[in-house]
Amino acid sequence: PYRIGASGNQATCTVQGFVSIFLRLAVPYYYASLSIHSYIAVRNGFQEEKYRHIEKWIHLGVIWISLPASIFFAVKGGINPGISVCAEVGLPLG
């Protein structure tokens, strides 16, 4: 609503912000987990059966961290239009 050519409403803004928050938390977690996973693979001589079990914990960790934060901001109405995208801002601009 604050940009030329912008379309949508508060619901579409909340969805955009939800996905943005989720990904901004999940991507660094996955990168860190990849490093840890690689280290463990090297330590175990790339014998996958010795370290296969940690993969489920990596995915669960992403969900446990990213999803609650995204839900919190969406439920509390903390996702509003920002300067260029919808993000976690206390109040809408204007």
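Above this note sits the structure.
Conventions adopted
- Residues numbered from 1 in each chain as written.
- Predicted model: local features only at pLDDT ≥ 70, side-chain atom pairs only at ≥ 80, totals over all residues.
- Heavy atoms only, no water.
- Disulfide = S-S within 2.5 Å.
- Helix = DSSP H or I, 4+ residues; strand = E, 2+ residues; numbered from the N terminus.
- Buried < 20%, exposed > 50% of the residue type's maximum accessible area, 1.4 Å probe, protein only.
- Phe/Tyr/Trp six-rings, centres within 6.5 Å; stacked < 30°, edge-to-face > 60°.
- Expected span 1.5 Å × (residues − 1).
- Contact = heavy atoms within 4.5 Å.
- Axes fitted to C-alpha atoms, helices over the stretch in contact; angles between N-to-C directions.
- Parallel < 35°, antiparallel > 145°, perpendicular 65-115°, else oblique.
- Left-handed = near helix turned anticlockwise from the far one by under 90°.
- Nonpolar A, V, L, I, M, F, W, Y, C, P; charged D, E, K, R; others polar.

1. Digging into the state of the cysteines
Per the counting criterion, the structure on display carries 1 disulfide. There is a disulfide in this structure between Cys13 and Cys86, and the S-S distance comes to 2.1 Å. Across the S-S bond linking Cys13 and Cys86, the dihedral sits near -120°, which makes this disulfide left-handed. Residue Cys13 is found in helix H1 (residues 10–43), and its partner Cys86 is found in strand E2 (residues 86–88); the two are separated by 73 residues along the sequence. For the pair Cys13 and Cys86, one class covers both residues: buried.

2. Thoughts on the packing of aromatic side chains
According to the stated counting rule, one finds 2 aromatic pairs in the structure shown. Relative to Trp64, the ring of Trp57 lies with its centre 6.2 Å away and its plane at 50°, an arrangement referred to as tilted. Residue classification places Trp57 among the partly exposed residues on the basis of a relative accessible area of 45%. Judged by centre distance (5.5 Å) and plane angle (75°), the ring pair of Phe72 and Phe73 falls under edge-to-face. For Phe72, a relative accessible area of 47% corresponds to the partly exposed category.

3. A closer look at helix H3 (residues 54–75)
Spanning 22 residues, H3 covers 32 Å between terminal C-alpha atoms, matching the ideal 32 Å at 1.5 Å per step. Of the positions making up H3, those classed as buried are Ile54, Ile58, Gly61, Val62, Ser66 and Ser70. In the core, the buried residues of H3 are packed alongside H1 and helix H2 (48–51). Just past H3, the residue Gly77 takes up positive phi, approximately 75°.

4. Some points on the packing of H1 against H3
Following both chains from N to C, one finds H1 and H3 inclined at 155°, their axes separated by 9 Å at the closest point. Regarding the angle of H1 to H3, the classification is roughly antiparallel. Note that H1 runs across H3; the crossing there is right-handed. Broken down by class, the residue content of the contact of H1 with H3 amounts to 18 nonpolar, 7 polar and no charged.

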